[in-house]
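# Overview (structure and organization)
What follows is each chain in one-letter form.
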Amino acid sequence: MKIFKDPEKMRDWARKMLLAKRKVALVPTMGYLHDGHISLVDRAKAKGADEIVVSIFVNPVQFGPNEDYEKYPRNEKADLAKCRAAGVSAVFLPSAQSMYHADRSAFVDEGTLSKGLCGAKRPGHFRGVCTVVAKLFNIVQPDFAVFGEKDFQQAAVIKRMVRDLNFGVKIVLSPIVREKSGLAMSSRNTYLSAEEKQKALTLSRVLFSVREGEIKTPASVAAKLKKAGLVVDYVECVDSETLAPLKRFKPLSRVLVAVYDGKTRLIDNVEVKNLKQNKEKK
Ligand code: AMP
């Protein structure tokens, strides 16, 4: 497995792969890898990638001034071992200095899908995400890139960026991987105390009820989360493609939630199947 820290060396290797007509897939991550990340690698394999590049970069420009950039968990050695075991061809591990000039002045901004939900709560976040993903696409020039539905809004924003800026990269989405308890896997779960982890279980439980059509409005989701001691950042139901807000849950819409569990911000989402409402309508 190749390990590149220098963006130019990463680019040289990727160009060689391109010229050799190898199908290259990129899996962008911030590291502290778990089975959710590895499922994206597996998805890349299943989609026919000849070479899989995993980027591991805690991107400073997508964190707000009071967010967890400094304390974001990092474990290079364990990450490399997991990538090796998963059959990754190359890991791109750039430093912040090698990715960003101190006087940088060009950014990528998406103007619609990134404005609500996490974008409203984390100003500048998606500008940071779009900028780093555009840079990674330019460096690696993959045939396709795999993103997790765990960050549903991020995936929609990236798809729009790719469409509107003519990136020649296909975007593949992969489902959320959960702990047995239902909790969506996240590098940030490591912040949770045992008690907070217990509280966090309500998040997936409530979303599963939404999925099955047992809970029908954002307000009742919020009430259940609050009752469990979680602080609701937002609960919204949106159209899966446009992310336009919907008042009531309907089949194939997406319900997205962000909560604070103590100091830790957790996000999760589900697609609404709404079985009960469907039955009622029949
Ligand atoms: P992160 O390292 O948290 O920035 O995530 C990197 C990529 O992994 C993103 O595309 C995420 O959506 C995806 N990801 C993170 N957690 C999960 C999960 N539990 N299941 C599936 N994909 C995930």
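None of these values were measured; they are calculated from a predicted model.

Around the ligand there are 17 residues in total, and His37, Gly148, Asp151, Val177 and Met185 lie nearest to it. Its free accessible area being 480 Å², the ligand has 93% of it covered by the protein chains. Going through the elements one at a time, strand E2 (24-29), helix H2 (35-46) and strand E5 (144-148) are the ones with two or more residues in the shell around the ligand. For the shell around the ligand, the element with the most residues is H2, which contributes 3 residues. Class assignment for the residues of the shell around the ligand results in 9 nonpolar, 6 polar and 2 charged.

In terms of residue burial, E5 counts as a mostly covered element, since 5 of its 5 residues are buried. The alternating pattern of E5 places Phe144, Val146 and Gly148 on one face and Ala145 and Phe147 on the opposite face, and all of these are buried. Inspection of the sheet shows E2 paired to E5 by 2 bridges, in the parallel sense. Looking at E5, one finds that Ala25 is bridged to Phe144. Where E5 lies against strand E6 (residues 170-174), 5 bridges are found, and the strand directions are parallel. Bridge pairing links Val146 to Val172 in E6. For the handedness criterion, the β-α-β arrangement of E5, helix H7 (residues 152-164) and E6 is classed as right-handed.

Buried within helix H3 (residues 76-86) are the following residues: Asp79, Leu80, Cys83 and Ala86. What you see down the axis of H3 is that its buried residues fit within an arc of 130°, all on one side. Set apart from the buried face of H3 by more than 90 degrees, the exposed residues are Lys77 and Ala85. Lining the buried residues of H3 we find strand E1 (2-4), H2, strand E3 (51-56) and strand E4 (90-92). Trailing H3 by a residue or two, Gly87 shows a phi angle of about 85°, which is positive.

To continue, consider the domain arrangement of the protein. As assigned here, the protein comprises domain 1 (2-174) and domain 2 (187-271). Computed over C-alpha atoms, the centres of domain 1 and domain 2 are 25 Å apart. Taken together, the contacts link 21 residues of domain 1 with 17 residues of domain 2. When the buried surface of domain 1 facing domain 2 is broken down by residue, Leu117, Lys121 and Phe152 rank first, second and third, together holding 35% of it. Linking domain 1 to domain 2 there are 3 salt bridges. Where domain 1 touches domain 2, the interface holds 9 residue pairs in polar contact (both at pLDDT 80 or more). Elements with a minimum of two residues in the side of domain 1 that touches domain 2: helix H5 (117-121) and H7. Top element by residues in the side of domain 1 that touches domain 2 is H7. It accounts for 4 residues. In terms of residue class, the side of domain 1 that touches domain 2 is made up of 9 nonpolar, 4 polar and 8 charged.

Counting buried residues along E2, 6 of its 6 residues qualify, which places the element largely inside the surrounding structure. The two faces of E2 match: Val24, Leu26 and Pro28 on one face and Ala25, Val27 and Thr29 on the other face are all buried. Here E2 runs beside E3; their pairing, made up of 6 bridges, is parallel. The partner of Val27 across the bridge, within E3, is Val54.

Reading the values: the criteria
Residues numbered from 1 in each chain as written. Predicted model: local features only at pLDDT ≥ 70, side-chain atom pairs only at ≥ 80, totals over all residues. Heavy atoms only, no water. Near = heavy atom within 4 Å. Areas by Shrake-Rupley, 256 points an atom, 1.4 Å probe, with all protein chains shown as cover. Helix = DSSP H or I, 4+ residues; strand = E, 2+ residues; numbered from the N terminus. Nonpolar A, V, L, I, M, F, W, Y, C, P; charged D, E, K, R; others polar. Buried < 20%, exposed > 50% of the residue type's maximum accessible area, 1.4 Å probe, protein only. Pairing = 2+ DSSP bridges. Right-handed = clockwise from strand over helix to strand, strands pointing away. Arc of directions from axis to C-beta. Contact = heavy atoms within 4.5 Å. Domains from an automatic or database assignment. Buried area = accessible area lost by both parts, 1.4 Å probe. Salt bridge = Lys/Arg side-chain N within 4 Å of Asp/Glu carboxyl O. Polar contact = N/O pair within 3.5 Å; in protein donor to acceptor, adjacent residues only side chain to side chain.

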